[in-house]
Amino acid sequence: MAWRSARMQIGNGTFGVRSAAGYQFTRRTPQPAGPSNETLRTQLRRVDDEIQDLRAVLRKTRARGSRATSAAIRGTNPVMQATGDGAVLRSRVEVNTEATQLSTRTPQWSASGGRDVTVQGLWEGTTDEVLTFTVTSNDGRSIDVTDANGDRVDTFKLHPDSSRTRTMKVLKGDLYVEFAGGVELQEGDTFTLEAFASRDGAIDPDDPFDGVGLASPRFEEGTVIRDGQFLLNGVAVAVNASDSLNDVLARIEATVAGVSASYDAETERVSITTIEGGSDKNLEISDDTSGLIAALKLDGLGQANGTDGPQDAPMATIPQFQSVTAGRISVNGVDIDLDPATDSVADIISLIDALDDVNAHIEDGGGVVITGKAGEDLTLLDGGTGFFAALGVQTGLHAGRAGEGRRLSDLAARKIAAEVSQLREALDALLDNEGLIGNVADMRTRIGVAVEVALRDADGVGDFASLTAFDDFDEDKVRSRSRVTRELRHAYTDVRTLMLGETPRGGGLLDQLADIVDDGLSAANGFDTLV
């Protein structure tokens, strides 16, 4: 931008002020002294008020007529399964595959301090049973086993040395009961064990791995889970013997990004899944030191990989696009090569979207939408490939519609012309002051530059700028209110864009002028306005 220097007479000397080329704000009859600060503030407030008034009128005033519309084509055959599947690691079989179930493998004596008991083996009975073990001798060695009816079904004696651990066969060897060494049992001590022939073994995901008795998680017999860790996609996940399964599943989700983990009580299996689908998603477990992964039947699964949905997979692999053949489609005369063996639907839609004046995308439901430029036609040719037919997109010429007669009413134009005139007069009063230095001189320059740049970048507003003298602040007044009104009726959309900007957030000439005036008001007490 070119600049030229203006010299201002201040007292017996001069003060140099830069102004934008084409904007000579000095008046032909300089005043001997600048205005008072209060006068300057009043003038600034008036300009600010006029800016707000003009902005309000422009925002609520719309031209009449119809807008140009685009040719928009929506496919009637959505691409099925809009996204691919995630990678999944799932227990190979039920976590507890035992055919029967015991209420506990570590029953507790009715009296505290008795010898610890551990039950091993499987219940081989054909019916559910409640077994009661009762010490029946004074020396604490004889034990009877009775059923729910009180009938004795077994009896055995422990070794005389109570300090030694003993394992006894019960019910002809179906179960083994281990009595740890410890305090002598007392006559009348009992514990109860429920055995279920009708209930498969199943774990409790809320009980701790090292729980005993009723707090046992009921993993398969012989399962031991200890303090340790495992790696999931290379990320370490800690395992504590005191954890429950649900504790570890929650820790997986909190530790490994993009992964969900759950236990399904119906299938009795654990699943670890990537949240997003696609062939680039994978899962792999390694380096388990806790024993948990084997207990959950997740060992030996290797790496699990996600799969692409039809949008991203080669079209030849999707039933919907089996009839599509290699060839060339055309959009508005631009050719696009297509090979269903390697190209996905998303690939081709992306190439269409990259063309000038064309938008193309796949909606959430899988439907394809192709849109042309507003007011212009859109032509789609299949080239014998069958691509558009598979999407349910009609080929051929699709007509856009041009806008019609968007003009301003005479009453609205006169109202806006009056507001423009009042703003122009307020700016005249402010810029007519001579003998100003410092911030005021800078404010003049900023206003000049803002107007020059805005007019340079605007379209279709030349006559409006000339008629309102916005293009030359040496002009005294708006030249012709009636001519301004006529120009506004024909060029209102361009004038509105000039003043308000391209978007509702602003950025037009009025916002720039308001910023300059606000700076002036905030700095008014610092102006040196007197000769």
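Fair warning: this is a prediction, and the values are worked out from it, not measured in the lab.

Criteria and thresholds
- Residues numbered from 1 in each chain as written.
- Predicted model: local features only at pLDDT ≥ 70, side-chain atom pairs only at ≥ 80, totals over all residues.
- Heavy atoms only, no water.
- Salt bridge = Lys/Arg side-chain N within 4 Å of Asp/Glu carboxyl O.
- Helix = DSSP H or I, 4+ residues; strand = E, 2+ residues; numbered from the N terminus.
- Buried < 20%, exposed > 50% of the residue type's maximum accessible area, 1.4 Å probe, protein only.
- Core = buried A, V, L, I, M, F, W, Y, C linked by side-chain atoms within 4.5 Å.
- Contact = heavy atoms within 4.5 Å.
- Lys, Arg positive; Asp, Glu negative; His and termini not counted.
- Pairing = 2+ DSSP bridges.
- Axes fitted to C-alpha atoms, helices over the stretch in contact; angles between N-to-C directions.
- pLDDT = per-residue confidence, 0-100.
- Arc of directions from axis to C-beta.
- Phe/Tyr/Trp six-rings, centres within 6.5 Å; stacked < 30°, edge-to-face > 60°.

Chemist: What is the right way to read the pattern of salt bridges from this model?
Modeler: Working definition: two side chains of opposite charge can pair if their charged atoms are close together. Under the criterion given, the structure shown has 16 salt bridges. Here E220 and K297 are joined by a salt bridge, their closest N and O atoms 3.0 Å apart. Linking E220 in the loop between β13 (190-196) and β14 (228-232) with K297 in the loop between α3 (292-295) and β20 (304-305), this pair joins segments that are 77 residues apart in sequence. The same class applies to E220 and to K297, which are both buried. Put simply, D410 and R414 hold a salt bridge, and the shortest N to O gap is 2.9 Å. Of the two residues, D410 and R414 are both situated in helix α6 (residues 410-431); the distance of four residues between them amounts to about one turn of the helix. Residue classification places D410 among the partly exposed positions, given a relative accessible area of 35%. A single network of salt bridges, built from pairs that share partners, joins E38, R41 and R45.

Chemist: Can you help me understand the nonpolar core in this one?
Modeler: Across soluble globular proteins, you tend to see nonpolar side chains buried next to one another. Counting 39 residues, the largest nonpolar core has I416 and L488 as the members making the most contacts within it. Put simply, the parts of the chain that give this core at least two residues each are α1 (37-60), α6, α7 (439-457), α9 (481-500) and α10 (509-522). For this core, the element with the highest residue contribution is α6, accounting for ten residues. Here I416 is in contact with L54, V57, L58, T61, L408, L488 and Y492, once residues within four sequence places are set aside. Grouped together as the second largest cluster of nonpolar side chains are 29 residues, F209, F230, V239 and I293 included.

Chemist: Would you mind going over the environment of A399 with me for this structure?
Modeler: Considering the arrangement of structural elements, one finds A399 in the loop between β26 (396-398) and β27 (404-407). Of the residues examined, A399 reaches a relative accessible area of 57% and is grouped as exposed. Through-space distance from the C-alpha of A399 to that of T379 is 8.5 Å; in sequence the pair is 20 residues apart. Sequence-distant contacts of A399, that is, excluding residues within four places in its chain, are made with A71 and D377.

Chemist: Looking at this structure, I do not really get the side chain of D343. What am I missing?
Modeler: Take D343: it is sitting in the loop between β22 (334-338) and α4 (345-353). The side chain of D343 is buried and forms no salt bridge, while R328, the nearest opposite charge, is found at 11 Å. Once residues lying within four places of it in the same chain are set aside, the contact partners of D343 are A313, P314, M315, D337, L338 and I348.

Chemist: Please clarify how the sheet that holds strand β19 (residues 285-286) should be interpreted in this entry.
Modeler: The strands making up a sheet associate through backbone hydrogen bonding, with each pair oriented either parallel or antiparallel. Sheet architecture is open: three strands sit in the order β15-β14-β19, paired in antiparallel fashion. The open sheet has two edge strands, β15 (235-239) and β19, and neither has a second partner. For β14 and β19, the ladder comprises two bridges, and the chain directions are antiparallel. Counted as the bridge partner of L232 is I285 from β19. Where helix α2 (residues 245-255) meets the sheet, it contacts β14 and β15, and its direction lies at approximately 155° from that of β15.

Chemist: Just to check I follow, could you spell out the confidence of the model for the protein for this structure?
Modeler: Caution is warranted with low-pLDDT regions, since their predicted coordinates should not be read in detail. Counting all residues, the mean pLDDT for the protein is 79, and 78% of those residues have values of 70 or more. Taken as a whole, residues 1-32 scores under 50 in pLDDT and shows 78 contacts with residues more than four places along the chain or in a different chain.

Chemist: Just to check I follow, could you spell out α2 for this structure?
Modeler: Every α-helix carries 3.6 residues per turn, so stepping three or four residues along brings you back to the same face. Regarding α2, the residues found buried are L245, V248, L249 and I252. Taken down its axis, α2 places every buried residue within 100° of arc, on the same side.

Chemist: Please explain the sheet that holds strand β23 (residues 359-362) as it appears in this structure.
Modeler: Here three strands make up an open sheet; going across it, the order is β4-β24-β23 and the pairing antiparallel. Across the chains shown, the open sheet's two edge strands, defined by having one partner strand only, are β4 (72-74) and β23. When the angles between neighbouring strand axes are averaged without regard to direction, this sheet yields 10°. Two strands pair when backbone bridges link them, and β23 and strand β24 (residues 368-371) are joined in this way by four bridges, in the antiparallel orientation. Note that in β24 the partner of A360 across the bridge is I370. Packed onto the sheet, α4 meets β23 and β24 and runs at close to 160° relative to β23.

Chemist: Please clarify how the pairing of strand β10 (residues 152-157) should be interpreted in this entry.
Modeler: Two faces, one strand: in a regular strand the side chains alternate between the faces of the sheet. Across five bridges, the pairing between strand β9 (residues 142-146) and β10 is antiparallel. If you follow S142 over to β10, its bridge partner there is K157.

Chemist: I keep staring at the packing of aromatic side chains and nothing clicks. Help me out?
Modeler: Working definition: an aromatic ring pair is given by the centre-to-centre distance plus the angle between the planes. Enumeration over the complete set of coordinates arrives at six aromatic pairs. With a centroid separation of 4.9 Å and 80° between ring planes, the pair formed by W109 and F191 is classed as edge-to-face. Pair noted here: W109 is in the loop between β6 (101-102) and β7 (117-121) and F191 is in strand β13, with a separation of 82 residues, a long-range link. Comparing W109 with F191 shows no difference in burial state: the two are buried. Between the aromatic rings of F209 and F219, the centroid separation amounts to 6.0 Å while the plane-to-plane angle is 65°, which identifies the pairing as edge-to-face. A residue pair is termed long-range when its members are at least 10 positions apart, and F209 in the loop between β13 and β14 and F219 in the loop between β13 and β14 qualify at ten residues. There is no split in this pair, since F209 and F219 are both buried. Among the aromatic residues, ring-to-ring pairing joins W109, F133, F156, F179 and F191 into one connected group.

Chemist: In this structure, what is going on with unusual backbone geometry? I would like to understand it.
Modeler: Most peptide bonds are trans, and most residues other than glycine sit at a negative phi. For D287, which is not a glycine, the phi torsion comes out positive at approximately 55°. Following the sequence through the fold, D287 ends up in the loop between β19 and α3. Since its relative accessible area comes to 54%, D287 is described here as exposed. Positive phi is not limited to glycine here, since K297 has a value of about 60°. Classification of K297 by relative accessible area gives buried; the value is 10%.

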